[in-house]
Amino acid sequence: MNIKLNIFHITKGTEFKLKLDKPEADLTPEMISSGSWRTKTFKPFNFDALGVPPTSGHLHPLLKVRSEFRQIFLEMGFTEMPTNNFIESSFWNFDSLFQPQQHPARDAHDTFFISDPATAHEFPMDYLERVKKVHSEGGYGSQGYKYDWKIEEAQKNLLRTHTTAVSARMLYKLAQQKEFRPVKYFSIDRVFRNETLDATHLAEFHQIEGVVADYGLTLGDLMGIIYEFFKKLGIEKLRFKPAYNPYTEPSMEIFSYHEGLKKWVEIGNSGVFRPEMLLPMGLPQDVQVIAWGLSLERPTMIKYGIDNIRDLIGPKVNLQMIYDNPLCRLDKKII
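Residues numbered from 1 in each chain as written. Predicted model: local features only at pLDDT ≥ 70, side-chain atom pairs only at ≥ 80, totals over all residues. Heavy atoms only, no water.

A.B. asks: Can you help me understand the pattern of salt bridges in this one?
C.D. replies: With the rule as written, the count across this model stands at nine salt bridges. Between Lys156 and Glu153 there is a salt bridge whose closest N-O contact spans 3.1 Å. Judged by its relative accessible area of 27%, Glu153 falls in the partly exposed class. Between Glu204 and Arg190 there is a salt bridge, and its shortest N-O distance comes to 2.9 Å. Highlighted residues: Glu204 in strand E5 (residues 204–215) and Arg190 in strand E4 (residues 183–192), separated in sequence by 14 residues. Residue Glu204 is classed as partly exposed on the basis of its relative accessible area, which comes to 28%. Assessed through its relative accessible area of 28%, Arg190 is described here as partly exposed. (Salt bridge = Lys/Arg side-chain N within 4 Å of Asp/Glu carboxyl O. Buried < 20%, exposed > 50% of the residue type's maximum accessible area, 1.4 Å probe, protein only. Helix = DSSP H or I, 4+ residues; strand = E, 2+ residues; numbered from the N terminus.)

A.B. asks: It is not clear to me how the packing of aromatic side chains should be interpreted in this structure. Could you clarify?
C.D. replies: Each aromatic ring pair is summarised here by two numbers: the centre-to-centre distance and the angle between the ring planes. Applying the stated rule across the entire model yields 21 aromatic pairs. Each ring, one from Phe91 and one from Trp92, has its centre 5.3 Å from the other, and the planes form 80°; the classification is edge-to-face. Look at Trp92 and you get buried, because its relative accessible area is 4%. Geometrically, the ring pair formed by Phe91 and Phe123 is edge-to-face, given 5.3 Å between the ring centres and 65° between the ring planes. (Phe/Tyr/Trp six-rings, centres within 6.5 Å; stacked < 30°, edge-to-face > 60°.)

A.B. asks: Looking at this structure, I do not really get unusual backbone geometry. What am I missing?
C.D. replies: Where the residue is not glycine, phi is negative for most of them; where a peptide bond is considered, it is trans in most cases. The omega torsion across Asp116 and Pro117 is -5°, close enough to zero to call that bond cis. Residue placement: Pro117 occurs in the loop between helix H3 (90–93) and helix H4 (125–136). Residue Pro250 follows Glu249 across a cis peptide bond; omega there is 0°. Within the fold, Pro250 resides in strand E7 (residues 248–258). Phi angles above zero are rare outside glycine, and Phe98 is one such case at about 60°.

A.B. asks: What's the story with the sheet that holds strand E8 (residues 263–273) in this structure? I'm lost.
C.D. replies: In a beta sheet, neighbouring strands pair by backbone hydrogen bonds and run either parallel or antiparallel. What the seven strands build is an open sheet, ordered E1-E4-E5-E9-E8-E7-E6; its pairing is mixed. Looking at the sheet topology across the chains shown, the edges are occupied by strand E1 (79–80) and strand E6 (238–245). By the bridge criterion, nine bridges tie E5 to strand E9 (residues 287–295) in an arrangement that is antiparallel. When the sheet's bridge partners are listed, Ala213 is paired in E9 with Val289. Most of the contacts of helix H7 (residues 219–232) go to E9, to which it runs at about 35°, and overall it touches E5, E6, E7, E8 and E9. Docked against the sheet, helix H9 (residues 297–304) engages E5, E7, E8 and E9, running at close to 40° with respect to E9. (Pairing = 2+ DSSP bridges. Contact = heavy atoms within 4.5 Å. Axes fitted to C-alpha atoms, helices over the stretch in contact; angles between N-to-C directions.)

The structure is reproduced here in structure tokens:
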């Protein structure tokens, strides 16, 4: 039998230690200040490894859908209106829109009035007098409402009930220019109403509004631009129903066919601003203003499959939903 004998000669190397040291993963400020890093063993860096994702905020679904709507307006050549004043006077929110002071919408059951400051005092007085006259006496081909218009009612501050108050300010500003020029405005922002809270209503929501001012505009122009606007949303089945608004005549509700519900549902409102609203501002008589609006919450709820609006906005929102919700791309299934 052959026997193989292996002999090894072992000596201490330069890395010889009597105890095992755990390699360091990080270079700390303490190691640098003390100089101990010179004797430490460090793990090799893996530059191909994924790092820990940093904590960051996430866009709310409303912001994602708002961005899509805003892009559509910009593609159509509209200019965004400044909407940073949540508090508005009753004059701009109601009176300038030819909405009478005894209208039910001006009741505390429907509107949030401000207690401090309770009133506003800075108005364009010549314009205010013309608004007062068209309410109480009539004018511009209208008999008015024939009531005692009171400035005390117009001075009351409130949380704006619609962004049309912003449109009124912008149209008045447009009327003060030496020469009229056609404009296209839009706004998307928050409004407030004293609503009964349920699965589809909150005391605050977002209103989308488009406004076009030009010579000789008709109801056909309004319907055409509405068709074009909703076509860009992927909505082509539209119907219009006559409606009433204090500041538009004619007025129309906008309906779209909901493929999921298999029925027509209301998606917006529209109309032509009345002369009693426009002419006191100083706009030329042959200038017409067409407008339409809809809410932001309804298409967002349909897009993301949310049944209760309180799961979309408010204190009961699940933050994980905001983290997980996908990108928004509006398509034919949202309305």
